[in-house]
Amino acid sequence: MVTLEDVAKQAGVSLATASRVLNGSTRQVGAALRARVEQAADELGYRANIAAQTLARGAGNVIGIVVHDLTDPYFAALADGAMRAAATQGLLVMVGTTHRDPEQEIAYVATLSAQRVRAVLLVGSRVADPQVTGRLRDELARYRAGGGRAACVGQDLLGVDTVAPANRAGAAELARALAGLGHTRFAVLAGPPHLVTAADRCAGFVGALEELGLPAPQIVPGPFDRDGGHEAARRVDPDVTCVFAVNDVMAVGALAAYREAGVRVPEDVSVAGFDDIVTLRDHVPALTTVRLPLKDMGARALELALAEDVAPVVEQVAGEVVLRESVRRLG
């Protein structure tokens, strides 16, 4: 029976190199060495050991996707895009949700690394805590040093391939569009200040209003979900004519709060969001928002994670302002 040692000796390479070529290791072998090993295997009639391949690859056909909240349509759309792309390549997907707990996100990466999955996708905003971000970055570095691949959708803070939504620019463009409809008195349902996505969207909106010479908006912080938008909307000053919620889910909460209070949208107050979640496009009134190609972003993150580029790639994704019936023109 021909053994792997026989192939290595015939090819004039180490046993480890022969194993990497023939047993499916994720570690790369140069083209010349690979050709020598494959030729030796053919000449000797060697057949790869399936068990050895499995050991070398680990869970080589598995992708891990870690999201903040799978019940949020934003994360569901991103995960769906990545999962559909994975299916076309015959890859299996494991999905974990952190419930917005950064410690849980770090634990997921460590667990997926131990299981030797082929790639890890992190989907969601970073937090404004350099220590936590640094620990996550270190955990990813250890995973990648062992041959793993990683990518994220969010801010470019982790040293991995990144699909980065242009949150500041999109919010600024929305502010200019709303001001163009005659609105001057705004409120921002700003989400939690420690969440970088929420902070960036708020800053982009506020900065654009300042550039236009308009009064500073009322800033109302709160949780980054439907209930957060509902509660924050109840604290908006009565003279505000337009409310910007930093994500669509918060905007839906605001719409519910206004409906319960007998406040008409957009006749009494206009409401806008950010993300353009597909499941909300049939909402009445239709929500003005900033559209992000969420499924495409998820698919692109997977593509980057599976690529063999050495240097991390960062791709900015611009948003598109979509004006709908939840906002009216003044004057």
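What counts and how
Residues numbered from 1 in each chain as written. Predicted model: local features only at pLDDT ≥ 70, side-chain atom pairs only at ≥ 80, totals over all residues. Heavy atoms only, no water. Core = buried A, V, L, I, M, F, W, Y, C linked by side-chain atoms within 4.5 Å. Buried < 20%, exposed > 50% of the residue type's maximum accessible area, 1.4 Å probe, protein only. Helix = DSSP H or I, 4+ residues; strand = E, 2+ residues; numbered from the N terminus. Expected span 1.5 Å × (residues − 1). Arc of directions from axis to C-beta. Pairing = 2+ DSSP bridges. Axes fitted to C-alpha atoms, helices over the stretch in contact; angles between N-to-C directions. Contact = heavy atoms within 4.5 Å.

Caption draft 1: Spatial organisation of the nonpolar core. If you look at the biggest cluster of nonpolar residues, it comprises 89 residues, and the most contacted ones within it are Leu121, Leu122, Leu189, Phe205 and Tyr258. Considering every element that reaches this core, the biggest residue donor is helix H11 (residues 248–261), with eight residues. With 13 residues, the next largest nonpolar core counts Leu4, Ala18, Leu22 and Tyr46 among its residues.

Caption draft 2: Here's a closer look at helix H3 (residues 31–44). With 14 residues, H3 should cover 20 Å at 1.5 Å per step; its first-to-last C-alpha distance of 20 Å lies within 8% of that length. All buried positions along H3 are accounted for by Val37, Ala40 and Ala41. Seen end-on, H3 carries its buried residues on one side only, within an arc spanning 100 degrees. More than 90 degrees from the buried face of H3, the exposed residues found are Ala31, Ala32 and Asp42.

Caption draft 3: Representation of the sheet that holds strand E8 (residues 242–245) within the structure. What the four strands build is an open sheet, ordered E7-E6-E8-E9; its pairing is parallel. The sheet is open, and its two borders are formed by strand E7 (218–221) and strand E9 (270–272), each paired with just one other strand. The mean angle between the axes of side-by-side strands here comes to 20 degrees, regardless of whether they run parallel or antiparallel. In terms of strand pairing, strand E6 (residues 186–191) meets E7 through four bridges, oriented parallel. By the bridge assignment, Val188 is partnered in E7 with Ile219. Here H11 sits on the sheet and contacts E6, E8 and E9; the angle it forms with E9, its principal contact strand, is near 160 degrees.

Any functional reading would require information that these geometric values do not contain.
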